[in-house]
Amino acid sequence: MSKFEGRSGAEFAMTVERGKIREFAAAVGSDHPLYSGDDPISPPTFLASSAFWTTDASSPWGDEPPDLSRVLHGGQQYVFHGPPPRAGTVLHGRQRIDRVYSKQGRRGGMLEFADVVTEFRDADGRLVAEARATLVVTEQAPTASAPAE
């Protein structure tokens with residue numbers, strides 16, 4: 001997997017929509033007034049919805065994505081370089097595989113980690129936010145276990 005380190009996908013555009021901000025805030029159980037009204041800001045984790053704006057071309061994995069049956073979400077972090085984006089903002093995102101490394105798992109298999117960074121820029125090219133996800137790829141797909149009785 002280390003051959004992917006440093007690889008970037010194509011840029012994608014994401015519109016921060018007022019209704020989607022409101023829906024996202026409701027989905028995470030927040031009724032904070034900053035997320036409603038005519039000029040709401042987006043909740044900090046709203047950028048996770050960028051997954052709905054990406055395409056195969058914007059994936060840094062290209063035509064060799066990891067086997068999703070072996071992928072675990074190991075962590076997520078958001079860094080803002082100013083206030084969270086407001087409704088109406090068009091963000092331009094680009095994903096890159098920042099770092100790839102391996103560790104021995106406790107149950108005997110190797111674990112490969114990939115830190116995937118998505119940079120979000122405004123129309124002027126200024127860096128607005130970064131999302132950093134850590135993916136964990138297990139050596140083997142998990143096996144089904146018998147239900148407890």
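As the structure is a computational prediction, the values presented were derived from the model and not from experiment. (Residues numbered from 1 in each chain as written. Predicted model: local features only at pLDDT ≥ 70, side-chain atom pairs only at ≥ 80, totals over all residues. Heavy atoms only, no water.)

**Q** Sorry, what's going on with the overall build of the protein here?
**A** Along the backbone of the protein there are 1 helix and 5 strands. In the protein, the succession of helices and strands from N to C terminus is β-α-β-β-β-β. When its C-alpha atoms are laid out on the principal axes, the protein stretches across 55 × 45 × 25 Å. Sequence separation of 24 or more characterises 68% of the internal contacts of the protein that already satisfy a separation of 6 or more. About 9,200 Å² of surface is accessible on the protein, with carbon and sulfur atoms providing 51% of the total. (Helix = DSSP H or I, 4+ residues; strand = E, 2+ residues; numbered from the N terminus. Contact = heavy atoms within 4.5 Å. Areas by Shrake-Rupley, 256 points an atom, 1.4 Å probe, with all protein chains shown as cover.)

**Q** Where do I start with the packing of aromatic side chains in this structure?
**A** Two aromatic rings, taken as a pair, are described by how far apart their centres are and by the angle between their planes. For the coordinates displayed, the defined rule picks out 4 aromatic pairs. The interplanar angle of 65 degrees and the centroid separation of 5.1 Å between the aromatic rings of F4 and W61 together place this pair among those described as edge-to-face. With F4 in the segment before strand 1 (12-15) and W61 in the loop between helix 1 (18-27) and strand 2 (71-80), this pair connects stretches of sequence that are 57 residues apart. Neither F4 nor W61 differs from the other in exposure class; each is buried. With centroids separated by 6.4 Å and ring planes inclined at 90 degrees, the aromatic side chains of F12 and F120 adopt a geometry described as edge-to-face. Remark: F120 occurs in strand 4 (residues 110-121) and F12 occurs in strand 1; sequence separation between them is 108 residues. (Phe/Tyr/Trp six-rings, centres within 6.5 Å; stacked < 30°, edge-to-face > 60°. Buried < 20%, exposed > 50% of the residue type's maximum accessible area, 1.4 Å probe, protein only.)

**Q** I would appreciate a short explanation of the nonpolar core in the present structure.
**A** In summary, soluble globular proteins display a tendency toward joint burial of nonpolar side chains. With 16 residues, the main nonpolar core has M14, I21, F46, L47, L91 and F120 as its most contacted residues. Of all elements in the fold, only strand 1, helix 1 and strand 5 (127-138) reach the threshold of two or more residues within this core. Not counting residues within four places of it along the chain, the set of residues in contact with L91 comprises F12, A13, M14, V16, L47, P85, F120, R121 and V128. Ranked by size, the runner-up nonpolar core spans 7 residues in total, among them F4, I97, A114 and V116. (Core = buried A, V, L, I, M, F, W, Y, C linked by side-chain atoms within 4.5 Å.)

**Q** Honestly, the pattern of salt bridges in this entry has me stumped. Any pointers?
**A** Pairing between side chains becomes possible if they bear opposite charge and their charged atoms approach one another. Counted by the stated rule, this structure contains 11 salt bridges. One salt bridge connects D39 with R86, and the closest N-O pair in it is separated by 3.8 Å. A residue pair is termed long-range when its members are at least 10 positions apart, and D39 in the loop between helix 1 and strand 2 and R86 in the loop between strand 2 and strand 3 (90-104) qualify at 47 residues. For D39, a relative accessible area of 46% corresponds to the partly exposed category. R121 is paired through a salt bridge with E119; the nearest N and O atoms lie 3.1 Å apart. The structure contains a network of salt bridges with shared partners spanning R96, D98, E119, R121 and R132. (Salt bridge = Lys/Arg side-chain N within 4 Å of Asp/Glu carboxyl O.)

**Q** What exactly am I supposed to notice about the sheet that holds strand 4 here?
**A** Within a sheet, each strand pairs with its neighbour through backbone hydrogen bonds, oriented either parallel or antiparallel. Strand order in this open sheet of 5 strands is 1-3-4-5-2, and the pairing throughout is antiparallel. The sheet is open, and its two edges are formed by strand 1 and strand 2, each paired on a single side. Strand after strand, the sheet turns through a mean of 30 degrees between neighbouring axes, direction not considered. (Pairing = 2+ DSSP bridges. Axes fitted to C-alpha atoms, helices over the stretch in contact; angles between N-to-C directions.)

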